[in-house]
Amino acid sequence: MPLSFLWLGLTLLGTLHTQAQSSTPGLIPAPPLLKVPLQPDFQEDQFQGKWYVIGLGGNALGKDKQGQFKMYTTTYELKEDGSYNVTSTLLKNENCFHWIRTFVPSFQPGQFNLGNIKNFPGIQSYTVRVVATNYSQFAIVFFKKVSNKKEYFKTTLYGRTKELTPELKENFIRFAKSLGLTDDHIIFPVPIDRCIDDA
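All figures in this text were calculated on a predicted structure; none of them were measured in a lab.

Caption draft 1: Just the overall build of the protein chain, in detail. Of the regular secondary structure elements, the protein chain holds 3 helices and 9 strands. Across the 199 residues that make up the protein chain, the buried fraction comes to 39%. Total accessible area on the protein chain stands at roughly 11500 Å², and carbon and sulfur atoms take up 58% of it.

Structure, rendered in structure tokens:
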């Protein structure tokens, strides 16, 4: 008799697990970091400064957000220990919002981990990888985080100005698709002036 209750319990648990999985939209799996290119001979001093976020692609992004996404900036400030103070500035609910974190160098130049990760509840790991940059015009950066046992990844096209050539945008789209993303997962934020052009 107890054995039949055990089987009933396991069957019910399996059914609940299947229902829970089907109610969570499937995320495109994150690629292994080894398959993501890394900028050769990364120059951390040249990478610092202000970047406009021109394009975004990610497994948690959707084209339905295209019109709502406003351009924002991310500024990298190099510290003496080789880490960056990273400040993203965005317009949120008609107010300027600043999000500050630290990127600590990893074992390879151009790859970083989120510093003080304990201050970000639910995040198990967070890796940043500079894929390609010419430092003066554009950069493509890859981000991968594990949060609540789910893997999220995104890639960002940075520009030193708000406009980049169509070729650079095409290269970014090609790279995003090489990660398994589709057109539905790639957006180009709407350029704005407020907040992001302040000093």
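Caption draft 2: Looking closely at the side chain of histidine 185. Among the secondary structure elements, histidine 185 is positioned in the loop between helix H3 (166–178) and strand E9 (186–187). According to the relative accessible area criterion, histidine 185 is buried, its value standing at 17%. When neighbours within four sequence positions are excluded, histidine 185 is seen to be in contact with Ile28, Leu56, Gly57, Gly58, Asn59 and Leu61.

Caption draft 3: Region of the structure containing the environment of serine 178. Looking at the secondary structure, you find serine 178 in helix H3. Note: C-alpha distance between serine 178 and lysine 35 (143 residues apart in sequence) is 9.9 Å. Separated by 2.6 Å, the side chain of serine 178 and the backbone oxygen of phenylalanine 175 make a polar contact.

Caption draft 4: Highlighting the packing of aromatic side chains. For the coordinates displayed, the defined rule picks out 15 aromatic pairs. Taken together, the ring pairs in this structure connect Phe42, Phe47, Trp51, Tyr76, Tyr84, Phe103, Phe112, Tyr126, Tyr135, Phe143 and Tyr158 into an aromatic cluster. One Lys or Arg, lysine 92, reaches over the ring of phenylalanine 97 and ends 4.8 Å from the middle of that ring. Directly above the ring of phenylalanine 188 sits lysine 169, whose terminal nitrogen or CZ lies 5.5 Å from the centroid.

Caption draft 5: Main features of H3. End to end, H3 covers 18 Å across 13 residues, agreeing with the expected 18 Å (1.5 Å per residue, within 8%). By the burial criterion, the buried members of H3 are Leu168, Phe172, Ile173, Phe175 and Ala176. Projected onto a plane normal to the axis of H3, the buried residues spread over an arc of 165 degrees and lie on a single side. Exposed residues on H3 whose side chains face more than 90 degrees from its buried face are Pro166, Glu167, Arg174 and Ser178. Lining the buried residues of H3 we find strand E1 (49–58), strand E6 (123–133), strand E7 (138–147), strand E8 (150–159) and E9. Note on H3: the residue one or two positions beyond its end, glycine 180, has a positive phi of about 100 degrees.

Caption draft 6: View of the pairing of E6. Within E6, 8 of the 11 residues are buried, leaving the element largely enclosed by the surrounding structure. Where strand E5 (residues 111–114) lies against E6, 3 bridges are found, and the strand directions are antiparallel. Bridged to asparagine 113 within E6 is threonine 127.

What counts as what
- Residues numbered from 1 in each chain as written.
- Predicted model: local features only at pLDDT ≥ 70, side-chain atom pairs only at ≥ 80, totals over all residues.
- Heavy atoms only, no water.
- Helix = DSSP H or I, 4+ residues; strand = E, 2+ residues; numbered from the N terminus.
- Buried < 20%, exposed > 50% of the residue type's maximum accessible area, 1.4 Å probe, protein only.
- Areas by Shrake-Rupley, 256 points an atom, 1.4 Å probe, with all protein chains shown as cover.
- Contact = heavy atoms within 4.5 Å.
- Polar contact = N/O pair within 3.5 Å; in protein donor to acceptor, adjacent residues only side chain to side chain.
- Phe/Tyr/Trp six-rings, centres within 6.5 Å; stacked < 30°, edge-to-face > 60°.
- Lys NZ or Arg CZ within 6 Å of the ring centre and 35° of its normal.
- Expected span 1.5 Å × (residues − 1).
- Arc of directions from axis to C-beta.
- Pairing = 2+ DSSP bridges.

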